[in-house]
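Notes for the structure review
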Amino acid sequence: MTGYIIGTGAYAPSLAIDNHEIEKLVETSDEWIRERTGVVRRHIVGTETTVSMAIEAGRRAVEDAGIAPEEIDLILVSTISPNAILPCVACRVQEALGAVNAACYDLSAACTGFILAYSTVLAYMAGGMIKTALIVASDSLSNLTNWEDRGTCILFGDGAGAAVVRAGDGPFYLPVTHADGSLGDSLTCRSRQDHHQVFGGSLAETYDDASYYIEMDGKAIFQFAVRKVPEVIRETLQKNNVRQEEIDWFVLHQANGRIIESVAKRLGEPLEKFPMNVQEYGNTSSSSIPLLLDEMKKKGMLQPGQKLMLAGFGAGLLWGAAILEWK
Ligand code: UT7
């Protein structure tokens, strides 16, 4: 048993902000941003929201899969920027698509969200609970970005990606996921609950708006990523008895072009096997992997029988990898 991706979809806001626009906000340069991150522009929500992007990406994936919405048994949305605490984004997607038979919930795992969502879907499938799932990743990180902090505002962008996964006969590849909560403070974004405790806390706490933005120790995350991603890729290969040379594509979370280059080098693989679109979208959190898969599919890069290594990493800190065979 395995979970094949039978349809993909993506949505990026129409408003694109290039590095020269960022130069007007903080002390930086197009050259510095390109060199250190690979980012050239990022798409930013205008009228769109996390929910509207999730609906559109989900709708496109379902159309691409050629299935009826009623066939979807589970909708899992990976997001850290939902429009509201309640209801979950997945229920909004369910309503818009008419996926009346789907169980729905959101998953909060930041940039590793797509790997964890795919792992969850596989587990449901292996347990015989579902046959068809819609995974959607959607985030409007621009709403969580401090546009005065040059360490973060150069990096992030908004967007959504989706994949329809269907259970089928084939090799079951065990995904590998890890967490290290002790490193959590290196990438944070507080919520109001931190300040506003009704019982036992002080209601008079002054709100510091900057607290609700992403704060990151970029260097620490960089070093963590270039060490842990090759490690978890090797672990995933070993656990599944798959040789590294059998992997056709390494589809990594698009956080920073230099991280991807470093992972390729550490694995001894040519950079051509690591498709990238960070230049166009920046770091879109868990949306980056399905956004890239959709682009690869549309470009005809994905052929039946090819093996893909997906890998994600980020806040938590969390990291993980999964082998996927293309159908
Ligand atoms: O999705 C997962 C989560 N996040 C990530 O994956 C992020 C991982 N980290 C990174 O991508 C990189 O660490 C950054 C792009 C955030 C920063 O790049 P860096 O090469 O690690 O730069 P740095 O923080 O070590 O700073 C190097 C220099 C410093 O100047 P000095 O002290 O050498 O004079 C910084 O002040 O660059 C300066 N600097 C900048 N200069 C121009 C930092 N940010 C900027 C900037 N423009 N935006």
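Everything numeric here is computed off the predicted structure, so don't read it as measured data.

**A look at the side chain of T145**
- Looking at where T145 falls in the secondary structure, it is placed in the loop between β6 (132–140) and β7 (158–168).
- Each residue touching T145, except ones within four places of it in the same chain, is listed here: C153, F156 and Y213.

**Details of the domain arrangement of the protein**
- Annotation of the protein at the domain level lists domain 1 (2–168) and domain 2 (176–187 + 212–325).
- Of note, the centres of domain 1 and domain 2, computed from C-alpha atoms alone, are 16 Å apart.
- Domain 1 puts 48 residues into the contact, and the matching count from domain 2 is 40 residues.
- Roughly 3,500 Å² is buried in total at the junction of domain 1 and domain 2, and carbon and sulfur atoms are behind 62% of that figure.
- A per-residue breakdown of the area domain 1 buries against domain 2 is headed by C111, F114 and I115, which together make up 18% of the total.
- Here domain 1 and domain 2 share two salt bridges between them.
- Of the charged contacts in the structure, one is a salt bridge between K297 and D64, with a shortest N-O distance of 2.6 Å.

**Looking at a nonpolar patch on the surface**
- On the surface, M1, F172 and L174 cluster together into a nonpolar patch covering about 240 Å² of accessible area.
- Structurally, M1 is set in the segment before β1 (2–11).
- Residue classification places M1 among the partly exposed positions, given a relative accessible area of 33%.

**Let's talk about the packing of helix α6 (residues 218–239) against helix α7 (residues 257–267)**
- Packing of α6 against α7 brings their axes to within 9 Å, and their N-to-C directions diverge by 40°. As summarised for this structure, α6 and α7 are arranged oblique, according to the angle between their axes. Crossing hand, α6 versus α7: right-handed. Packed against α6, whose contacting residues are F222, A225, V226, R227, V229, P230, I233 and R234, the element α7 presents R258, I259, S262, V263, R266 and L267 at the interface.
- For the contact of α6 with α7, the per-class residue count stands at nine nonpolar, one polar and four charged.

**A word on the nonpolar core**
- With 45 residues, the main nonpolar core has I233, F250, L252, V263, F274, M309 and F313 as its most contacted residues.
- At the level of elements, α6, β11 (249–252), α7, β12 (307–314) and β13 (318–325) are the ones that each hand at least two residues to this core.
- If one sorts the elements of this core by residue count, α6 sits on top with eight residues.
- Here this core spans two domains, since at least three of its residues come from each of domain 1 (2–168) and domain 2 (176–187 + 212–325).
- Aside from chain neighbours lying at most four places away, what touches F274 is F250, L252, I260, V263, A264, L267 and E269.
- Ranked by size, the runner-up nonpolar core spans 30 residues in total, among them A117, M125, V165 and W326.

**Some remarks on the side chain of D30**
- Mapping D30 onto the fold places it in helix α2 (residues 30–37).
- The contact partners of D30, leaving out residues within four places of it in the chain, are N19, H20 and E23.

Procedures and definitions
Residues numbered from 1 in each chain as written. Predicted model: local features only at pLDDT ≥ 70, side-chain atom pairs only at ≥ 80, totals over all residues. Heavy atoms only, no water. Helix = DSSP H or I, 4+ residues; strand = E, 2+ residues; numbered from the N terminus. Contact = heavy atoms within 4.5 Å. Domains from an automatic or database assignment. Buried area = accessible area lost by both parts, 1.4 Å probe. Salt bridge = Lys/Arg side-chain N within 4 Å of Asp/Glu carboxyl O. Patch = residues over 30% accessible without salt bridge, like charges linked within 9 Å, V, L, I, M, F, W, Y side chains within 5 Å. Areas by Shrake-Rupley, 256 points an atom, 1.4 Å probe, with all protein chains shown as cover. Buried < 20%, exposed > 50% of the residue type's maximum accessible area, 1.4 Å probe, protein only. Axes fitted to C-alpha atoms, helices over the stretch in contact; angles between N-to-C directions. Parallel < 35°, antiparallel > 145°, perpendicular 65-115°, else oblique. Left-handed = near helix turned anticlockwise from the far one by under 90°. Nonpolar A, V, L, I, M, F, W, Y, C, P; charged D, E, K, R; others polar. Core = buried A, V, L, I, M, F, W, Y, C linked by side-chain atoms within 4.5 Å.

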